[in-house]
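The primary structure of each chain is shown beneath.
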Amino acid sequence: MILVPEDFIVPTSLKEEKFRLEPLTGSHNEEDYAAWQSSIEHIHATPGFSGKEWPMKELPLETNLEELNEHHDDFKSRKGFTYTVLSTSTGKVIGCVYLYEAKREGYDVDLKSWVSADYAELDKSLHEAVLSWLKTEWPFKSVDYATR
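Remember, predicted model here, so these are calculated numbers, not experimental data.

Cut-off values and rules
- Residues numbered from 1 in each chain as written.
- Predicted model: local features only at pLDDT ≥ 70, side-chain atom pairs only at ≥ 80, totals over all residues.
- Heavy atoms only, no water.
- Helix = DSSP H or I, 4+ residues; strand = E, 2+ residues; numbered from the N terminus.
- Buried < 20%, exposed > 50% of the residue type's maximum accessible area, 1.4 Å probe, protein only.
- Areas by Shrake-Rupley, 256 points an atom, 1.4 Å probe, with all protein chains shown as cover.
- Lys, Arg positive; Asp, Glu negative; His and termini not counted.
- Charge placed at Lys NZ, Arg CZ, Asp CG, Glu CD.
- 1 Å grid on protein atoms, 1.4 Å probe; cavity = no way out; pocket = protein on both sides within 12 Å on 5 of 7 lines; lining within 4 Å.
- Points joined across faces, edges and corners; volume = space filled by probe spheres on them.
- Nonpolar A, V, L, I, M, F, W, Y, C, P; charged D, E, K, R; others polar.
- Salt bridge = Lys/Arg side-chain N within 4 Å of Asp/Glu carboxyl O.
- Phe/Tyr/Trp six-rings, centres within 6.5 Å; stacked < 30°, edge-to-face > 60°.
- Pairing = 2+ DSSP bridges.
- Right-handed = clockwise from strand over helix to strand, strands pointing away.

Asker: In this structure, what is going on with the overall build of the protein? I would like to understand it.
Answerer: A count of helical and extended segments in the protein gives four helices and six strands. Starting at the N terminus and walking to the C terminus, you meet the elements of the protein as β-β-α-α-α-β-β-β-α-β. A buried classification covers 45% of the 148 residues belonging to the protein. Surface exposure of the protein reaches about 8000 Å², of which carbon and sulfur atoms provide 49%. Across the protein, the mean location of the 16 positive side-chain charges is 5 Å away from that of the 27 negative side-chain charges.

If you want it as structure tokens, here you go:
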């Protein structure tokens, strides 16, 4: 099932003062892996990730690459959209944003995001910016996104 209509032009970026989003691809593997591996407890404490299996310490870098490629395939086939969050000052991967089919009734899309522990202060501003972006640039009416 595709998440957005075929004629919808999927946004490829969001730019804010301290961070920007771009589609997640395998080219982000090492930085993505480092960002979440250094922040497992922080991510599990992030609204929307409590009680989730991911992230886990035992995941090898090669498996992470496979998962990034799956996210990129979902993006190309319009089944889901995963964006990497990059620091505007360093260009470093500092988090991710995931848009996938809603799991709970009454919602159009399930949205989750995390930032690494080193950038925890950006979690709320990322949440607000992404919500605003979805309201203005995406066709969703009801977004399931844990409050901050």
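On we go.
Asker: When you look at the layout of surface pockets in this model, what are you seeing that I'm missing?
Answerer: Gaps left between atoms show up when a probe the size of a water molecule is rolled over them. Each pocket or cavity is described by its volume, and for the largest pocket that value is around 440 Å³. Forming the boundary of the largest pocket are 19 residues, of which Phe49, Trp54, His71, Tyr98 and Lys112 lie nearest the centre. Those elements that provide at least two residues to the lining of the largest pocket are helix H3 (61–77), strand E4 (93–101) and strand E5 (109–115). Among the residues forming the lining of the largest pocket, the class breakdown is ten nonpolar, two polar and seven charged. Roughly 160 Å³ of internal volume is contained in the second largest pocket. Looking at the second largest pocket, it is lined by 13 residues, and the ones nearest its centre are Gly48, Arg104, Asp110, Lys112 and Asp144. Take the lining of the second largest pocket: its biggest share by element is four residues, from E5. Grouping the constituent residues of the lining of the second largest pocket by class yields four nonpolar, two polar and seven charged.

Asker: Is there a simple way to explain the pattern of salt bridges in this structure?
Answerer: Two side chains with opposite charge may pair up if their charged atoms get near one another. Following the criterion strictly, the structure yields seven salt bridges and no others. Linking Asp144 and Arg104 is a salt bridge whose minimum nitrogen-to-oxygen distance equals 2.8 Å. With Asp144 in strand E6 (residues 143–144) and Arg104 in the loop between E4 and E5, this residue pair connects regions lying 40 residues apart in the sequence. A relative accessible area of 14% means that Asp144 is categorised as buried. Relative accessible area serves as the criterion here: at 48%, Arg104 is assigned to the partly exposed category. The residue Lys124 makes a salt bridge to Glu128 at a minimum N-O spacing of 3.5 Å. Within this pair, Lys124 and its partner Glu128 are both found in helix H4 (residues 123–137), separated by four residues, close to a single helical turn. What makes Lys124 partly exposed here is its relative accessible area of 45%.

Asker: So what exactly am I meant to see when it comes to the packing of aromatic side chains here?
Answerer: Any two aromatic rings considered together are summarised by their centre-to-centre distance and by the angle between their planes. A complete count under the given rule lists 13 aromatic pairs for this structure. An aromatic cluster is built from Phe8, Phe75, Phe81, Tyr83, Trp133, Trp138 and Phe140, whose rings are joined through pairwise contacts.

Asker: Got a minute to help me understand the pairing of E5 in this structure?
Answerer: Two faces, one strand: in a regular strand the side chains alternate between the faces of the sheet. A large share of E5 lies buried, amounting to seven of its seven residues. A two-sided burial pattern is seen for E5, the buried positions comprising Val109, Leu111, Ser113 and Val115 on one face and Asp110, Lys112 and Trp114 on the other. The pairing of E4 with E5 spans seven bridges and is classified as antiparallel. Across the sheet, Cys96 pairs through a bridge with Trp114, a residue of E5. With two bridges connecting them, E5 and E6 associate as parallel partners. In the strand pairing of E6, Val109 is matched with Val143. Regarding topology, H4 serves as the crossover connection from E5 to the parallel E6, and that connection is right-handed.

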